Each structure stands twice: as C-alpha cells, then as structure tokens.
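This is what each chain is made of:
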Amino acid sequence: MASASAAELVAAVDAVMAVVEENTAATEQMAAGATEVTGAIENIASVSEENSAAVEEVSASAEEMSAQVEEVAASARSLEEMAQNLKEIVRQFKLQQTSRSDLLDEIETFQKAHLRWVERVEKAASGAETLRVSDVPAHTDCALGKWYYGLGKREFGAHSEFKAVEADHIRFHDLLREFAANQKNGHHGAQMLKEIKQVAKQVDEKLESLKRVI
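Residues numbered from 1 in each chain as written. Predicted model: local features only at pLDDT ≥ 70, side-chain atom pairs only at ≥ 80, totals over all residues. Heavy atoms only, no water.

Draft legend 1. Focus on the overall build of the chain. Scanning the chain from N- to C-terminus turns up five helices and zero strands. Starting at the N terminus, the α and β elements of the chain follow one another as α-α-α-α-α. The burial tally for the chain puts 24% of its 214 residues in the buried class. Taking all contacts inside the chain whose residues are at least 6 apart in sequence as the whole, residues at least 24 apart take part in 71%. Of the roughly 14000 Å² that the chain leaves accessible, carbon and sulfur atoms contribute 58%. (Helix = DSSP H or I, 4+ residues; strand = E, 2+ residues; numbered from the N terminus. Buried < 20%, exposed > 50% of the residue type's maximum accessible area, 1.4 Å probe, protein only. Contact = heavy atoms within 4.5 Å. Areas by Shrake-Rupley, 256 points an atom, 1.4 Å probe, with all protein chains shown as cover.)

In structure tokens form, the structure reads like this:
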C-alpha cells in the first residue's frame, strides 16, 4: 500500500516537472519571439528613418529645382524686356518708316507682353510667385509705353484708335502696382485679379483696333 502511494507520488511529481519544463520551454520560445519582434521593430524604425531622410532630401532638391526654374524664368523675362527695349532704341534711329508688317508684329509683341503680366499676377495670386511693386514698370516705361509716347504718337497720334489705347493702358499698370502692393501686405484680392484680366482684355482689343487702321 505504501509502495503504491510512493509510486503515485513520484508519478505526480514527474507530471508536475513535465508541465514545468513545458512552461519553461514555452517561456523561452516567447522570449525568443519577443526578441525577434523587437529586432523587427528596430529594423522598421531604421528603414523609416532612412525613408524620412530620403524624403527630406528629395523635398530639398525639389525646392532647389523650383527656385532655379523661377530664376531662369525671371532671367528669360528680363532678357525679353531688354531685347524689346533695344528694338525700340534701334527704331529711334531708323531713317525709313517701319513696314506695316513689322509694325503689326511689334504691336502683337506688346499684346503678348501684357498678357504675360496677367499670367504673373495669376501665379502671384496662387502664391506661386512674388510680385513686387518694383517689378512693375510705369506705363511709360514698358515697351508699349515707350513706343506709344515716341514713334507711335508721331506716326499715329491723330487716329482715334491710337488715342483709345492710353486710358486702359495706364489703368492696367496702376492695377498691377496696386496688386503688388497688396500682395506685400498679405492680400491676394480675387476681385482685383478679375479687374486686371478685364482691363488687359480691353488693352488687347484696343490694340487690335489700332492694327486694323495702320
């Protein structure tokens, strides 16, 4: 009887030991799994940091490229204005009157130049460009103004179509300067942009009328 009880006790102890061993093994497996998870998390964090650094680098490169594009665009506009001014200076010294074809081409250049100002205002209104008051020439200093108050006035000053250009042209430049001043103060008036477009259209139409009579 005592021998049977001892055997049962030994069997029970063995069973308990087996359970303990299983639990120990499971704990070790869990610990190993936790270590693997920790390693995986560290790898993910490392990759995330690398990706973040790459994104920042790409972003910086994009900003730099954008600045370079704007600089090139500004240089192109400056060169175009210089070329037009030089063309006007050359015309001042011509002994012969410009042919009608050349004159029509020149007036078309004036029209395109003023439409480009509208494009710049649109970009400025969207925040893509900064337009300063100093960027906007007086109505007498742009290519159209120099021609209008120089050779244009001498050759076509008597035409009503020629006279009709002046008021809208002056208003256009006034609006550009007003818009630039407002932008400096953080205002991007949609109503002013609308008015600039309208006046630019009127200048364009008046120049079209002038082209038909010269």
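Draft legend 2. Representation of the environment of Leu115 in the model. Inspection of the secondary structure assignment puts Leu115 in helix H2 (residues 100–126). When the C-alpha positions of Leu115 and Asp204 are compared, they lie 8.4 Å apart, and in sequence the two are 89 residues distant.

Draft legend 3. Representation of the pattern of salt bridges within the structure. According to the stated counting rule, one finds eight salt bridges in the structure shown. Taking the shortest distance from any N to any O, the salt bridge between Lys112 and Glu108 comes out at 3.7 Å. Within this pair, Lys112 and its partner Glu108 are both found in helix H2, separated by four residues, close to a single helical turn. What makes Glu108 partly exposed here is its relative accessible area of 34%. Look at the salt bridges and you will find they share partners, linking Arg120, Glu129, Arg132 and Asp135 into a network. (Salt bridge = Lys/Arg side-chain N within 4 Å of Asp/Glu carboxyl O.)

Draft legend 4. Broad picture of the side chain of Gln111. Assignment of secondary structure puts Gln111 in helix H2. We classify Gln111 as buried; its relative accessible area is 6%. What Gln111 contacts, discounting residues up to four positions off in sequence, is Asp204, Leu207, Glu208 and Lys211.

Draft legend 5. Layout of the packing of H2 against helix H5 (residues 190–213). It is the contact of H2 with H5, at a shortest axis distance of 10 Å, that shows an interaxial angle of 175°. Compared by their axis directions, H2 and H5 come out roughly antiparallel. Along its contact with H2, which presents Arg100, Leu104, Ile107, Glu108, Phe110, Gln111, Val118, Val121, Glu122 and Ala125, the element H5 presents Leu193, Ile196, Lys197, Ala200, Asp204, Leu207, Glu208, Leu210 and Lys211. Grouping the constituent residues of the contact of H2 with H5 by class yields eleven nonpolar, one polar and seven charged. (Axes fitted to C-alpha atoms, helices over the stretch in contact; angles between N-to-C directions. Parallel < 35°, antiparallel > 145°, perpendicular 65-115°, else oblique. Nonpolar A, V, L, I, M, F, W, Y, C, P; charged D, E, K, R; others polar.)

Draft legend 6. Summary view of H2. Compared with the 39 Å implied by 1.5 Å per residue over 27 residues, the 40 Å span of H2 between its first and last C-alpha is a close match. Three or more residues of H2 are buried, namely Leu103, Leu104, Glu106, Ile107, Phe110, Gln111, His114, Trp117, Val118, Arg120, Val121 and Ala124. Phi for Gly127, located one or two positions after H2, is positive at around 90°. (Expected span 1.5 Å × (residues − 1).)

Draft legend 7. Expanded view of empty space enclosed by the protein. On inspection of all chains with the given rule, the structure shows one cavity of 30 Å³ or more. The space that makes up the largest cavity amounts to roughly 40 Å³. In terms of lining residues, the largest cavity is bounded by Gln111, His114, Leu115, Ala200, Val203 and Asp204. Of all the elements in the fold, those that place two or more residues in the lining of the largest cavity are H2 and H5. Its residues assigned to classes, the lining of the largest cavity shows three nonpolar, two polar and one charged. (1 Å grid on protein atoms, 1.4 Å probe; cavity = no way out; pocket = protein on both sides within 12 Å on 5 of 7 lines; lining within 4 Å. Points joined across faces, edges and corners; volume = space filled by probe spheres on them.)

Draft legend 8. Inspection of the nonpolar core at higher detail. Ranked by size, the top nonpolar core spans 33 residues in total, and within it Ile107, Trp147, Phe172, Ile196 and Leu207 carry the most contacts. Those residues within four positions of Leu207 in sequence are excluded, and the remaining contacts are Ile107, Phe110, Gln111, Leu144 and Val165. (Core = buried A, V, L, I, M, F, W, Y, C linked by side-chain atoms within 4.5 Å.)

Draft legend 9. Quick peek at the packing of aromatic side chains. Scanning the entire structure with this criterion turns up five aromatic pairs. When the centroid spacing of 5.9 Å and the interplanar angle of 65° are considered together, the rings of Trp147 and Phe162 count as edge-to-face. Residue Trp147 is located in helix H3 (residues 143–156), and its partner Phe162 is located in helix H4 (residues 160–184); the two are separated by 15 residues in the primary sequence. The burial state of Trp147 is the same as that of Phe162; both residues are buried. Pairing Tyr148 with Tyr149 gives two aromatic rings, centres 5.0 Å apart and planes at 70°, and the pair type is edge-to-face. Its relative accessible area of 5% is what places Tyr148 among the buried residues. (Phe/Tyr/Trp six-rings, centres within 6.5 Å; stacked < 30°, edge-to-face > 60°.)

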